[in-house]
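Remarks on the overall topology
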Amino acid sequence: TLPAAGGCPVFVATTNVEIIPIPTATISYSGSPVGASTAGSQTVTLVGTSGGTYSSTAGLSIDATTGSITPTTSSPGTYTVTYTIAAAGGCGAVTATASVQINPAPSATSSYVGSPFCSSAVGSQAVTRTGTTGGTYSSTVGLTINPTTGAITPSTSTPGTYTVTYTVAAAGGCPVYTTTTTVVITALPTATISYSGSPVGASTA
(Lines give C-alpha, C1' and ligand atoms only; values in the text may rest on other atoms or scores of the structure.)
Protein backbone atom coordinates (compact mmCIF):
# COMPACT_ATOMS: atom_id res chain seq x y z
CA THR A 1 0.00 0.00 0.00
CA LEU A 2 1.32 3.48 -0.99
CA PRO A 3 -0.27 6.58 0.53
CA ALA A 4 -1.83 9.25 -1.63
CA ALA A 5 0.78 11.78 -2.79
CA GLY A 6 1.32 14.38 -5.52
CA GLY A 7 -2.31 14.29 -6.47
CA CYS A 8 -2.29 10.51 -6.81
CA PRO A 9 -4.70 8.38 -4.81
CA VAL A 10 -3.69 5.60 -2.49
CA PHE A 11 -2.17 2.68 -4.40
CA VAL A 12 -2.79 -0.90 -3.33
CA ALA A 13 -1.20 -3.97 -4.94
CA THR A 14 -2.18 -7.58 -4.03
CA THR A 15 -0.76 -11.07 -4.56
CA ASN A 16 -1.79 -14.59 -3.55
CA VAL A 17 0.10 -16.74 -1.05
CA GLU A 18 -0.67 -20.47 -0.78
CA ILE A 19 0.06 -22.34 2.46
CA ILE A 20 0.37 -26.07 1.80
CA PRO A 21 -0.31 -28.44 4.72
CA ILE A 22 2.59 -30.59 5.83
CA PRO A 23 2.11 -34.18 4.56
CA THR A 24 1.40 -36.72 7.32
CA ALA A 25 1.05 -40.50 7.19
CA THR A 26 1.03 -43.67 9.27
CA ILE A 27 1.31 -47.19 7.91
CA SER A 28 0.68 -50.62 9.41
CA TYR A 29 0.38 -54.30 8.45
CA SER A 30 -2.51 -55.80 10.41
CA GLY A 31 -1.56 -59.39 9.56
CA SER A 32 1.96 -59.25 11.00
CA PRO A 33 3.51 -61.60 11.95
CA VAL A 34 2.98 -63.50 8.71
CA GLY A 35 3.99 -67.07 7.95
CA ALA A 36 6.37 -67.56 5.03
CA SER A 37 3.93 -70.11 3.60
CA THR A 38 1.01 -67.63 3.54
CA ALA A 39 -0.31 -67.41 -0.01
CA GLY A 40 -1.06 -64.16 -1.79
CA SER A 41 -0.05 -60.63 -0.87
CA GLN A 42 -0.52 -58.80 2.42
CA THR A 43 -1.76 -55.22 2.06
CA VAL A 44 -0.65 -52.15 3.97
CA THR A 45 -3.01 -49.78 5.79
CA LEU A 46 -2.16 -46.15 5.00
CA VAL A 47 -3.68 -43.26 6.93
CA GLY A 48 -2.78 -39.81 5.63
CA THR A 49 -1.14 -38.46 2.50
CA SER A 50 -1.11 -40.81 -0.48
CA GLY A 51 1.28 -40.89 -3.42
CA GLY A 52 4.41 -41.96 -1.56
CA THR A 53 6.64 -44.98 -2.17
CA TYR A 54 7.43 -48.01 -0.03
CA SER A 55 10.82 -49.60 0.57
CA SER A 56 12.58 -52.02 2.89
CA THR A 57 15.80 -53.98 3.23
CA ALA A 58 16.76 -56.94 1.04
CA GLY A 59 14.81 -60.09 1.73
CA LEU A 60 11.30 -58.63 1.85
CA SER A 61 9.28 -58.78 -1.37
CA ILE A 62 7.41 -55.49 -1.42
CA ASP A 63 5.59 -53.48 -4.09
CA ALA A 64 7.09 -49.98 -4.05
CA THR A 65 3.82 -48.41 -5.22
CA THR A 66 1.16 -50.24 -3.20
CA GLY A 67 3.22 -51.38 -0.21
CA SER A 68 1.88 -54.95 -0.51
CA ILE A 69 4.26 -57.69 0.61
CA THR A 70 4.53 -61.30 -0.63
CA PRO A 71 5.46 -63.70 2.19
CA THR A 72 6.13 -66.75 -0.03
CA THR A 73 8.94 -64.98 -1.87
CA SER A 74 10.35 -63.24 1.22
CA SER A 75 13.06 -64.48 3.57
CA PRO A 76 12.00 -65.05 7.20
CA GLY A 77 12.95 -62.13 9.45
CA THR A 78 11.81 -58.82 10.91
CA TYR A 79 11.76 -55.87 8.51
CA THR A 80 11.19 -52.14 8.72
CA VAL A 81 9.05 -50.80 5.87
CA THR A 82 9.51 -47.10 5.10
CA TYR A 83 6.85 -45.00 3.38
CA THR A 84 8.35 -41.87 1.82
CA ILE A 85 6.50 -38.79 0.60
CA ALA A 86 8.83 -36.76 -1.61
CA ALA A 87 9.55 -33.07 -0.91
CA ALA A 88 7.05 -30.85 -2.74
CA GLY A 89 5.39 -27.44 -2.52
CA GLY A 90 8.00 -26.12 -0.15
CA CYS A 91 7.56 -29.02 2.27
CA GLY A 92 10.43 -31.37 2.94
CA ALA A 93 10.27 -35.14 2.51
CA VAL A 94 8.16 -37.03 5.09
CA THR A 95 8.63 -40.66 6.12
CA ALA A 96 6.59 -43.16 8.13
CA THR A 97 7.68 -46.65 9.19
CA ALA A 98 6.11 -49.95 10.22
CA SER A 99 7.55 -53.29 11.32
CA VAL A 100 6.75 -56.52 9.48
CA GLN A 101 7.70 -59.99 10.72
CA ILE A 102 7.93 -63.00 8.39
CA ASN A 103 8.05 -66.29 10.32
CA PRO A 104 9.55 -69.45 8.79
CA ALA A 105 7.01 -72.05 7.71
CA PRO A 106 6.96 -75.30 9.71
CA SER A 107 8.68 -78.25 8.08
CA ALA A 108 9.24 -81.78 9.38
CA THR A 109 9.72 -85.43 8.48
CA SER A 110 9.13 -88.46 10.68
CA SER A 111 9.80 -92.19 10.37
CA TYR A 112 9.93 -95.38 12.40
CA VAL A 113 13.24 -97.13 11.87
CA GLY A 114 12.68 -100.88 12.12
CA SER A 115 9.16 -100.95 10.69
CA PRO A 116 7.52 -103.44 10.32
CA PHE A 117 7.38 -104.34 14.03
CA CYS A 118 6.19 -107.66 15.36
CA SER A 119 3.34 -107.44 17.85
CA SER A 120 5.57 -109.35 20.30
CA ALA A 121 8.14 -106.51 20.39
CA VAL A 122 8.77 -105.49 23.98
CA GLY A 123 8.66 -101.82 25.02
CA SER A 124 8.04 -98.74 22.93
CA GLN A 125 9.52 -97.86 19.53
CA ALA A 126 10.65 -94.26 19.12
CA VAL A 127 9.93 -92.04 16.14
CA THR A 128 12.72 -90.33 14.23
CA ARG A 129 11.74 -86.72 13.55
CA THR A 130 13.59 -83.87 11.87
CA GLY A 131 12.42 -80.28 11.59
CA THR A 132 9.89 -78.26 13.54
CA THR A 133 9.35 -79.37 17.14
CA GLY A 134 6.28 -79.02 19.36
CA GLY A 135 3.80 -80.94 17.24
CA THR A 136 1.54 -83.85 18.21
CA TYR A 137 1.24 -87.38 16.84
CA SER A 138 -1.94 -89.26 16.03
CA SER A 139 -3.18 -92.31 14.14
CA THR A 140 -6.24 -94.46 13.70
CA VAL A 141 -7.71 -96.77 16.35
CA GLY A 142 -5.60 -99.86 16.94
CA LEU A 143 -2.16 -98.28 17.18
CA THR A 144 -0.90 -97.46 20.66
CA ILE A 145 0.92 -94.13 20.23
CA ASN A 146 2.13 -91.43 22.59
CA PRO A 147 0.71 -88.14 21.21
CA THR A 148 3.58 -86.09 22.62
CA THR A 149 6.64 -88.23 21.80
CA GLY A 150 5.28 -90.25 18.90
CA ALA A 151 6.54 -93.51 20.43
CA ILE A 152 4.45 -96.59 19.58
CA THR A 153 3.92 -99.81 21.57
CA PRO A 154 3.62 -102.83 19.23
CA SER A 155 2.69 -105.30 21.98
CA THR A 156 -0.54 -103.41 22.75
CA SER A 157 -1.35 -102.53 19.15
CA THR A 158 -3.55 -104.40 16.70
CA PRO A 159 -1.61 -105.80 13.72
CA GLY A 160 -2.06 -103.68 10.63
CA THR A 161 -0.70 -100.82 8.54
CA TYR A 162 -1.10 -97.37 10.08
CA THR A 163 -0.62 -93.78 8.94
CA VAL A 164 0.90 -91.64 11.68
CA THR A 165 0.24 -87.90 11.35
CA TYR A 166 2.50 -85.26 12.90
CA THR A 167 0.62 -81.95 13.33
CA VAL A 168 2.07 -78.54 14.11
CA ALA A 169 -0.64 -76.11 15.24
CA ALA A 170 -1.19 -72.77 13.52
CA ALA A 171 1.04 -70.10 15.08
CA GLY A 172 2.91 -66.91 14.24
CA GLY A 173 0.91 -66.32 11.10
CA CYS A 174 1.57 -69.84 9.78
CA PRO A 175 -1.35 -72.21 9.12
CA VAL A 176 -1.64 -75.75 10.52
CA TYR A 177 1.09 -78.02 9.15
CA THR A 178 0.90 -81.82 8.86
CA THR A 179 3.20 -84.56 7.64
CA THR A 180 2.64 -88.32 7.61
CA THR A 181 4.55 -91.59 7.75
CA THR A 182 3.58 -95.26 7.66
CA VAL A 183 4.23 -97.90 10.30
CA VAL A 184 3.40 -101.62 10.10
CA ILE A 185 2.59 -103.94 13.00
CA THR A 186 2.73 -107.64 12.05
CA ALA A 187 1.02 -110.45 13.96
CA LEU A 188 3.16 -112.89 15.93
CA PRO A 189 3.16 -116.20 14.04
CA THR A 190 1.30 -118.97 15.89
CA ALA A 191 1.06 -122.69 15.20
CA THR A 192 -0.12 -125.94 16.72
CA ILE A 193 1.01 -129.45 15.75
CA SER A 194 -0.37 -132.90 16.52
CA TYR A 195 0.01 -136.54 15.52
CA SER A 196 -3.43 -138.04 15.05
CA GLY A 197 -2.19 -141.64 15.21
CA SER A 198 -0.37 -141.33 18.55
CA PRO A 199 0.38 -143.60 20.30
CA VAL A 200 2.02 -145.51 17.46
CA GLY A 201 3.55 -148.93 17.78
CA ALA A 202 7.27 -149.27 17.08
CA SER A 203 6.54 -151.94 14.47
CA THR A 204 4.10 -149.77 12.55
CA ALA A 205 5.19 -149.88 8.91
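You'll find the structure just up there.
Source: prediction; values computed, not measured.

1. A few points about the nonpolar core
Ranked by internal contacts, the top residues of the largest apolar core, which has 17 residues, are Ile-27, Tyr-29, Tyr-54, Val-81 and Ile-102. Mapped onto this core, the elements with two or more residues apiece are strand E1 (25-28), strand E5 (77-85) and strand E6 (94-103). Beyond its immediate stretch of four places on either side in the chain, Val-81 contacts Ile-27, Tyr-29, Tyr-54, Ser-55, Ser-56, Leu-60, Ile-62, Ala-96, Thr-97, Ala-98 and Val-100. Of all hydrophobic cores here, the second largest spans 14 residues; its members include Ala-108, Val-127, Tyr-162 and Ile-185.

2. Section: the side chain of Thr-179
Tracing the sequence through the fold places Thr-179 in strand E12 (residues 177-186). Thr-179 sits in the buried class, given a relative accessible area of 14%. Residue contacts for Thr-179: discarding those within four places in its chain leaves Ala-108, Val-164, Thr-165 and Tyr-166.

3. Here's the deal with the packing of aromatic side chains
Using the criterion set out here, one finds 2 aromatic pairs in the structure. An angle of 40° between the planes, with centres 4.7 Å apart, marks the rings of Tyr-54 and Tyr-83 as tilted. Of the two residues, Tyr-54 is situated in strand E4 (residues 53-55) and Tyr-83 in strand E5; the sequence distance between them amounts to 29 residues. With a relative accessible area of 1%, Tyr-83 lands in the buried category. Aromatic pair Tyr-137 and Tyr-166: ring centres 4.8 Å apart, planes at 40°, arrangement tilted. Residue Tyr-137 is located in strand E10 (residues 136-138), and its partner Tyr-166 is located in strand E11 (residues 160-168); the two are separated by 29 residues in the primary sequence. Judged on exposure class, the residue Tyr-137 and its partner Tyr-166 are both buried.

4. Re the environment of Gly-40
Within the secondary structure, Gly-40 is located in the loop between strand E2 (34-35) and strand E3 (45-48). Along the sequence, Gly-40 and Pro-71 sit 31 residues apart, while their C-alpha atoms lie 7.6 Å from each other. Setting aside chain neighbours within four positions, we find Gly-40 in contact with Ile-69, Thr-70 and Pro-71.

The rules we used
- Residues numbered from 1 in each chain as written.
- Predicted model: local features only at pLDDT ≥ 70, side-chain atom pairs only at ≥ 80, totals over all residues.
- Heavy atoms only, no water.
- Core = buried A, V, L, I, M, F, W, Y, C linked by side-chain atoms within 4.5 Å.
- Buried < 20%, exposed > 50% of the residue type's maximum accessible area, 1.4 Å probe, protein only.
- Helix = DSSP H or I, 4+ residues; strand = E, 2+ residues; numbered from the N terminus.
- Contact = heavy atoms within 4.5 Å.
- Phe/Tyr/Trp six-rings, centres within 6.5 Å; stacked < 30°, edge-to-face > 60°.

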